[in-house]
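# Inside the fold
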Amino acid sequence: MERSSAVRGHGGTDGMTASEPLTARAGTAALDDHGVVAALGGLVDGTGYWSGKGALAGIERTGRYLAGRGEQGEEPGRAGEGSWSRFIGRIGAVALRAAVEPTRDERRRRLLALLEIWADSPFADPRARIRTGLVRMAEGGPEAVRDERGAAVAVGWAPGGLRKFVDLRAGEADPPGLGTVEEVTDVPRGGWGDAGQVRRLVDLVRERGPVPWDLDAVAGLRDGTGMGRAAASLALAGMVSGGYLPHLDDRERRIHRLKVAEIEDGVREPGRTSPLDRLDLMAAVLPEDPAELWEPQGMRAVAERIAHAWRERYGRRTVVPERTFGTVIELNPSRLSAGRFCAAFTDHASIRGLGSDLDTWIRNSDFRPFPTAAGEWDLLDFEDTLRAVVPNLFRVYAELPAGDPVRAGAPGLVRALRERLNHPGLLLDAGNLSRTVGDGVADVRDRFGSRPYAGPEPLDVANVDDGLTVVVDGGVDRTGTRFRPKLYFRPAFYGDDERSRTLLEARAGSRYDPDVELVEWLRGPVCERIVERIGDPALPPGTYETNPVFSAPDVLGRAARGLGVDEDAAALYLQLLTLYAPSDRNVRTWNGWKAPRHREAADVLVEHGLAVEDRRARAGRRLFLPGEWIHAGKPYQPMEAWKAELLGLERSYNGRLENPPPLPTRTLPELFARAWELVEGGRGPSV
C-alpha cells in the first residue's frame, strides 16, 4: 500500500527548472514550447498561459502522478490553464488534426508528441475511473495528493477562486481531495481513443505520412449538414472552433482551397458552442482501426460520422448554392457566419430565439443589469439574427437571383421576426440615455414615471418602467467609472404614441445600438415593398433585381432614349448610378454577360462621357462615374460621392465611408427611377 504524499503548490522539484521540463521522452522537450498552443488552437482556452515551456511535460507528469508512477517528490506541473483535461474521453479532435494532410508539420509534431504521452497515461485507459471538476482549495494547500485510494491534481484555474482538478480512483472509496469539491463529472468512456488506437494512429502517421486530403469528403460533409464549404473543410481537419482564427500558411490554404475571407467566415460557423461541445462533436468520428483513414473512402467515412454528429446536435440545414455562400461572405454579416446567416432565411424555425416567443427579463451583473432569457443563448442569437439580417436584407433581395433559397426565404423570415417582436415579453436594447436628457434615473422620472421594473429579482441600481421603456442606472466598474444609464424597450408596445416618442427623445441615437431603428424598418413600408418584390413571380428564375432589364424596363427604356445609347449601355449606367458594389464580376453575374459584351457597353459609356476608366483600390472594377471618389476602410465599400449621397451614406470624421450604411428607403426599381430622375433633371454625376 502506497504511503500518502502531497505536493505543495508553492514548492519546486529538486533538479528541475522551468527551462528544463521533465519528460520521459527523448526529443519531447525540444517541442515543448509556445508552439503547442498553436497546434491546439481552438481546442484549449487561456492561450496566454500556454506561451511558456513545459505544457507537454506537465500533461505527462500529471498522468504519471495520477497513475502512481511518478518519481518520489515529483511535482505534476502545469499545462496551460488546465483546459486540456477536456481531452479525456474526447481525444478524437486532436488525433484527427494530427493525422490529416493540411496540418503543417511543426504543429503535427507537437500533436503526435501529445498523443504519445496520452497513450502512456491513464487518460487513454477506458478502465481508469477519472473525474474532472472544480474545487475550492485552502490557501497554501497541496496542489496534488495521492494515497492508496487514488490521486488528485489541480491542473488549472477557474473563476471565483476555484481550481480545476483531475482525480483518479484506485478502489471503491473516493480518492483523496484537494479541498471542497464544488463540481465534479465522470469523464466519458467507451468512445474512440484507447491507448492502442492512439498508438496505432501515431505509428501510421509516422510510417505512411499524413492522410491525403479528400475534397469529395469535404463536399459530402457540406451536403450532409448544410454548413459552408470552408466550415466543412476546417471541421474535417479537426479544426472546429468558435471564433478562433487559425493562421494557415499558403500551403494549408492551397490544400483546403480556401481564401482568407472564407477561412474567417468558416471559423465562426459553430457560433456560441463551447470548446467542450466541439470536442464532444468530434470525439467519435475516427474509425475503430485508424488504418482505415488511408483507404480510398477513409476520409469520406469520417465526413459521414461528423455529419451525423452535427445533425444530432444542430439539425440539418438547407444546402444553398456555393455562389450564394460567396455572396453572403462578401456581405460580411459580422454577427453571423455565412452558414448561420443563410440558415436564418432557409430554416428560421431552427434558429435559437426565432422558432418561438422569447420571454426575457433584466438581471443583475457585476457591471450593470442586462436582459436575459431562459435559454442560455436564445436572446443573444435572436439579437444577432435581427442585427445581421435587417441591415443586409436589401442586398439579399437585390444580389441573389429569383429562386435562390435564401432570397425566397426572406418573406418567411420577416414574418417570423415580426411575430417575435410582437410578443409582450421581449425586451431589446434601445441604447444609452442621452446626456442632453440626464445622467441617471433620477433625471428622467418626469418622462418615464416612478414605477420600478418588476422582474424575477430586484435590480441593484435605480430603475423605472413605463410599460414600454425600462431605464436602469449604470453600475460602476473596477476602476470606479460609472456606466451610462441604459434604455431597454418592449417592441410589442412600440409605435406611434407618446411613450414611443418619449423613448426616441431620450435615446443617445447611436447607430451602434440600433434595435429601435431595426424594429421600425422591419415593420415599415419599405420592408413590406421589398418582401412583395421578392414574392413577385414576374422576375424570371435565375435573374436578378439588380438588372433593370427585368426590374425596371420602363426606366431602362427612358434612360436609353435620353442618353442616346443602346439598352446594354443604359443598363450598365443605371447600375453604376445606384448599386452598392457594381464590381465587374457582379455586373457580369447580374446581367448574364460575358466579358466582351461588358466591354462593349463600357466603351459606349466612356465614348459618351458618362463614365471614366480607372483603377481604384477595393473597387473590383475599371469603370466609374465622373466626379469625386470616396475611400473606405474594410468592411465598408468605397464609391463615387454622387452615389453615396443618393444612398444616404455618411462620411466619417476623416472624410471616408466608415459609418454603417443607413437602412434602405427604396426598392431597386424605385432607386433606378430616382437616379434617372436626378440625371434627367440635370443633377446627375459630373466632373
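The rules behind each value
- Residues numbered from 1 in each chain as written.
- Predicted model: local features only at pLDDT ≥ 70, side-chain atom pairs only at ≥ 80, totals over all residues.
- Heavy atoms only, no water.
- Core = buried A, V, L, I, M, F, W, Y, C linked by side-chain atoms within 4.5 Å.
- Buried < 20%, exposed > 50% of the residue type's maximum accessible area, 1.4 Å probe, protein only.
- Helix = DSSP H or I, 4+ residues; strand = E, 2+ residues; numbered from the N terminus.
- Contact = heavy atoms within 4.5 Å.
- Pairing = 2+ DSSP bridges.
- Axes fitted to C-alpha atoms, helices over the stretch in contact; angles between N-to-C directions.
- Parallel < 35°, antiparallel > 145°, perpendicular 65-115°, else oblique.
- Left-handed = near helix turned anticlockwise from the far one by under 90°.
- Nonpolar A, V, L, I, M, F, W, Y, C, P; charged D, E, K, R; others polar.
- Patch = residues over 30% accessible without salt bridge, like charges linked within 9 Å, V, L, I, M, F, W, Y side chains within 5 Å.
- Areas by Shrake-Rupley, 256 points an atom, 1.4 Å probe, with all protein chains shown as cover.
- Salt bridge = Lys/Arg side-chain N within 4 Å of Asp/Glu carboxyl O.
- Lys, Arg positive; Asp, Glu negative; His and termini not counted.
- Charge placed at Lys NZ, Arg CZ, Asp CG, Glu CD.
- Polar contact = N/O pair within 3.5 Å; in protein donor to acceptor, adjacent residues only side chain to side chain.
- Phe/Tyr/Trp six-rings, centres within 6.5 Å; stacked < 30°, edge-to-face > 60°.

### A look at the nonpolar core
- By size, the foremost hydrophobic cluster in this structure holds 98 residues, and its most contacted members are F345, L428, F489, L572, Y573 and L605.
- Looking at this core element by element, the count peaks at 11 residues for helix 15 (residues 378-399).
- Residues contacting L605, with those up to four places away along its chain left out, are A569, L572, Y573, L576, L610, A611 and L623.
- By size, the runner-up hydrophobic cluster in this structure holds 86 residues, among which are L31, L236, M239 and I306.

### What to know about the environment of R451
- Within the secondary structure layout, R451 lies in the loop between helix 18 (445-448) and strand 10 (463-465).
- Each C-alpha atom, one on R451 and one on R200, is 69 Å from the other, the two residues being 251 residues apart in sequence.
- The residues touching R451, leaving out its near neighbours within four places in the chain, are N463, V464, D465, D466 and G467.

### Points about the sheet that holds strand 11 (residues 469-472)
- Pairing within the open sheet is antiparallel, and its 4 strands lie in the order 9-12-11-10. Bordering the open sheet on either side are strand 9 (428-432) and strand 10, each of which pairs with just one other strand. With direction set aside, neighbouring strand axes in the sheet form an average angle of 20°.
- Sheet topology note: the strand 10/strand 11 ladder contains 3 bridges and is antiparallel. Paired with D465 across the two strands is V470, which belongs to strand 11.

### Description of the packing of helix 15 against helix 17 (residues 410-421)
- For the pair helix 15 and helix 17, interaxial distance at closest approach is 12 Å and the crossing angle is 135°. Classified by the interaxial angle, the pair formed by helix 15 and helix 17 is oblique. Crossing of helix 15 against helix 17: the hand is left-handed. Along its contact with helix 15, which presents F382, L386, V389 and L393, the element helix 17 presents A410, L413, V414, L417, R420 and L421.
- Of the residues that constitute the contact of helix 15 with helix 17, the class distribution is 9 nonpolar, no polar and 1 charged.

### Topic: the pairing of strand 11
- Side chains of strand 11 alternate between two faces, with T469 and V471 and V470 and V472 buried alike.
- The antiparallel pairing of strand 10 with strand 11 creates a hairpin that spans 3 residues between the two strands, and G467 there sits at a positive phi of about 100°.

### Quick look at a negative patch on the surface
- On the surface, D194, E288, E292 and E295 cluster together to form a negatively charged patch.
- If you trace the backbone, E288 turns up in the loop between helix 11 (275-282) and helix 12 (298-314).
- Exposure remark for E288: the relative accessible area of 68% places this residue in the exposed category.

### As for the packing of helix 13 (residues 322-331) against helix 14 (residues 338-346)
- Running from N to C, helix 13 and helix 14 point in directions that differ by 110°, and their axes come no closer than 9 Å. Between helix 13 and helix 14, the interaxial angle falls into the category roughly perpendicular. Crossing handedness for the pair helix 13 and helix 14: right-handed. Here T324, F325, V328 and I329 of helix 13 lie close against helix 14, whose contacting residues are A338, G339, F341 and C342.
- For the contact of helix 13 with helix 14, the class distribution of residues is 6 nonpolar, 2 polar and no charged.

### Digging into the pattern of salt bridges
- All told, the structure shown has 59 salt bridges when counted by the stated rule.
- Measuring nitrogen to oxygen at the nearest pair gives 2.7 Å for the salt bridge that ties R387 to D515. Placement of the pair is R387 in helix 15 and D515 in helix 20 (residues 515-522), with a sequence separation of 128 residues.
- With its nearest N and O atoms 2.7 Å apart, the salt bridge here joins R533 to E545. Here E545 lies in the loop between helix 21 (525-535) and helix 22 (548-551) and R533 lies in helix 21, a separation of 12 residues in the sequence.
- The exposure class assigned to R533 is partly exposed, which follows from its relative accessible area of 23%.

### Side note on the environment of P126
- Structurally, the position occupied by P126 is in the loop between helix 5 (105-119) and strand 2 (129-137).
- With a relative accessible area of 47%, P126 lands in the partly exposed category.
- Taking the C-alpha atoms as reference points, P126 and A195, separated by 69 residues in sequence, lie 8.6 Å from one another.
- Setting aside its immediate chain neighbours within four residues, P126 contacts R189 and D194.

### Looking at the environment of L96
- Note on placement: L96 falls in helix 4 (residues 92-99).
- Judged by relative accessible area, which is 0%, L96 ranks as buried.
- For the pair formed by L96 and V211, sequence separation is 115 residues and the distance between their alpha carbons is 9.4 Å.
- Ignoring any residue separated from it by four or fewer positions in sequence, one finds L96 in contact with A235, L236, A237, G238, M282, V285, L286, M299, V302 and I306.

### A closer look at the side chain of S583
- Residue position: S583 is located in the loop between helix 24 (567-578) and helix 25 (584-591).
- In this structure S583 comes out as buried when scored by relative accessible area, which is 12%.
- From its side chain, S583 meets the backbone nitrogen of N586 in a polar contact 3.1 Å long.
- If near-sequence neighbours (up to four positions away) are discounted, S583 is found in contact with A619, G620 and R621.

### Some words on the packing of aromatic side chains
- Counted according to the given criterion, the structure contains 9 aromatic pairs.
- Ring centres 6.2 Å apart and planes at 90° place the aromatic pair W84 and W118 in the edge-to-face group. With W84 in the loop between helix 3 (55-67) and helix 4 and W118 in helix 5, the pair connects residues that are 34 residues apart, well separated along the chain. Assigned by exposure class, W84 and W118 land together as buried.
- With 4.7 Å between their ring centres and 65° between their planes, W310 and Y314 make a pair best called edge-to-face. Of this pair, W310 and Y314 both sit in helix 12, separated by 4 residues, roughly a single helical turn.

Note that every value here comes from positions in space, so none of it alone points to a role or purpose.
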